[in-house]
Amino acid sequence: MESMIGKNAIIYGATGGLGHSLCQEFINRGVNVFLIARSGTKLRELAAEFKLKPFQIFNTKTITTDQDYLKTLNWLKTRKKVFSYAVHAAGQGLMKNAFTLSLNDWTEIIDINLTSSFAFFKLIWEVREKNDMELVYFSSASLSKAWPKNGLYGASKAGLEAFAQSLHQDIKSQGGRVWLYRLGSVDTPFFDNVPNHVPREKMLSPREIAKIVVTNVSMPKNTYFPVIPIVSD
Ligand SMILES: NC(=O)c1ccc[n+]([C@@H]2O[C@H](COP(=O)([O-])OP(=O)(O)OC[C@H]3O[C@@H](n4cnc5c(N)ncnc54)[C@H](OP(=O)(O)O)[C@@H]3O)[C@@H](O)[C@H]2O)c1
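An account of the accompanying structure is given in this report. Small disclaimer: the values here were computed from a predicted structure and weren't measured. (Residues numbered from 1 in each chain as written. Predicted model: local features only at pLDDT ≥ 70, side-chain atom pairs only at ≥ 80, totals over all residues.)

1. Some remarks on the overall build of the protein chain
Logical step 1: Secondary structure summary: the protein chain contains 6 helices and 7 strands in total.
Logical step 2: When the elements of the protein chain are put in sequence order from the N terminus, they spell out β-α-β-α-β-α-β-α-β-α-β-α-β.
Logical step 3: Whereas a compact globule of 233 residues would reach a radius of gyration of roughly 17 Å, the protein chain reaches 17 Å, a difference of no more than 12%.
Logical step 4: Its C-alpha atoms give the protein chain principal-axis dimensions of about 50 × 35 × 35 Å. (Helix = DSSP H or I, 4+ residues; strand = E, 2+ residues; numbered from the N terminus. Rg over C-alpha atoms; globule rule 2.2 N^0.38 Å.)

2. Brief notes about the sheet that holds strand β2 (residues 32-37)
Logical step 1: The 7 strands lie next to each other as β3-β2-β1-β4-β5-β6-β7, forming an open sheet whose pairing is parallel. Sheet topology places β3 (57-59) and β7 (228-230) at the edges, where each strand pairs with a single neighbour. The average undirected angle you get between the axes of adjacent strands in this sheet is 15 degrees. (Pairing = 2+ DSSP bridges. Axes fitted to C-alpha atoms, helices over the stretch in contact; angles between N-to-C directions.)

3. Some words on the site of the ligand
Logical step 1: The full set close to the ligand counts 24 residues, and Gly16, Leu18, Gly91, Phe138 and Thr188 are the nearest of them.
Logical step 2: Secondary structure elements with two or more residues in the shell around the ligand: α1 (17-28) and β5 (133-140).
Logical step 3: For the shell around the ligand, the leading source of residues is α1, giving 3 residues.
Logical step 4: Grouping the amino acids of the shell around the ligand by side-chain chemistry returns 10 nonpolar, 12 polar and 2 charged. (Near = placed C-beta within 6 Å. Nonpolar A, V, L, I, M, F, W, Y, C, P; charged D, E, K, R; others polar.)

4. Here we look at the nonpolar core
Logical step 1: Ala9, Ile10, Ile11, Leu22, Leu35 and Ala89 are the most contacted members of the largest nonpolar core, which has 52 residues in total.
Logical step 2: For this core, the element with the highest residue contribution is helix α4 (residues 103-126), accounting for 6 residues.
Logical step 3: Excluding residues within four positions of it along the chain, isoleucine 10 makes contact with Phe34, Ile36, Phe83, Ala86 and Ile124. (Core = buried A, V, L, I, M, F, W, Y, C linked by C-beta atoms within 7 Å. Buried ≥ 20, exposed ≤ 12 C-beta atoms within 10 Å, placed from the backbone. Contact = placed C-beta atoms within 7 Å.)

5. Focus on the packing of α4 against helix α5 (residues 151-171)
Logical step 1: Two elements in contact, α4 and α5, have axes separated by 9 Å at closest approach and are oriented at 15 degrees. Taken together, the axis directions place α4 and α5 in an arrangement best described as roughly parallel. Here α4 and α5 pass one another in a crossing that is right-handed. From α4, Asp105, Trp106, Ile109, Ile110, Asn113, Leu114, Ser117, Phe118 and Phe121 reach across to α5, where they touch Leu152, Tyr153, Ser156, Lys157, Gly159, Leu160, Phe163 and Leu167. (Parallel < 35°, antiparallel > 145°, perpendicular 65-115°, else oblique. Left-handed = near helix turned anticlockwise from the far one by under 90°.)

6. Here's the deal with the pairing of β5
Logical step 1: Among the 8 residues that make up β5, 8 are buried, leaving the element largely enclosed by the rest of the structure.
Logical step 2: In this sheet, β5 lies alongside strand β4 (residues 85-88) in parallel orientation, the contact comprising 3 bridges. Across the sheet, valine 87 pairs through a bridge with valine 136, a residue of β5.
Logical step 3: Handedness of the crossover joining β4 and β5 through α4: right-handed.
Logical step 4: When β5 meets strand β6 (residues 176-183), the two strands line up parallel, connected through 8 bridges. Looking at the pairing, glutamate 134 lines up with arginine 177 of β6. (Right-handed = clockwise from strand over helix to strand, strands pointing away.)

Shown next, in the form of structure tokens:
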């Protein structure tokens with residue numbers, strides 16, 4: 001395992017349960033973290049908790065409009081840093097029967113779960129450490145079979161899986177590597193608005209997932225797992 005000390009990581013969706021644990025784990029390994037999220041209040045709380053400098057956080061409602069994409073890119077470029085690790089930890093579930101979903105529901109979930117995954121790649125590619133770039137995405141174990149009310153969330157994550165695996169093929173010759181975790185239920189605020197989920201005590205711990213994610217990114221470059229399923233036993 002190579003040393004991670006002094007390298008830079010960017011986390012989108014840093015204010016979520018997985019985002020928070022990833023911040024902690026990267027910091028534990030001596031990595032400088034830079035955080036992007038839609039809530040300025042939560043970002044400032046994170047910065048205070050982890051003793052980050054104001055220039056390490058960026059608040060933007062989205063990264064998928066031309067204007068917000070360019071503002072985010074400008075912020076990244078102004079850091080004058082190169083990034084070795086990039087984690088897309090933003091996402092949202094919406095479990096509804098297809099006949100109760102609106103077009104707006106569809107657009108919003110696809111936007112944050114799928115379109116922003118592409119936008120995030122575009123952003124980070126501009127400021128990557130050349131020949132050494134690890135990009136992490138989170139998909140869902142719910143794809144393993146067809147569930148009622150999972151059409152939208154499942155479609156967004158299935159699209160992400162197709163994108164992430166193809167992306168790896170596109171960028172590997174330039175030292176890029178894509179990690180795609182297919183997670184079972186993780187004990188985060190993700191489930192605050194999801195009825196009928198498994199009991200919290202049976203869920204995976206975000207801290208354990210973060211340890212696995214941050215350990216894996218320092219694996220030798222000739223190692224590649226197209227999909228990594230993690231479920232609770
Ligand atoms: N938890 C699980 O069981 C599980 C399982 C499989 C996959 N995943 C995936 O893992 C990723 C992280 O999930 P998590 O468990 O950490 O969830 P979480 O605690 O709910 O955090 C989600 C993060 O995404 C942000 N976010 C949500 N909707 C957004 C939007 N429309 N625009 C911008 N940011 C938005 C949230 O911002 P705010 O803090 O402002 O709300 C938060 O930072 C997601 O992609 C999720 O689908 C989670």
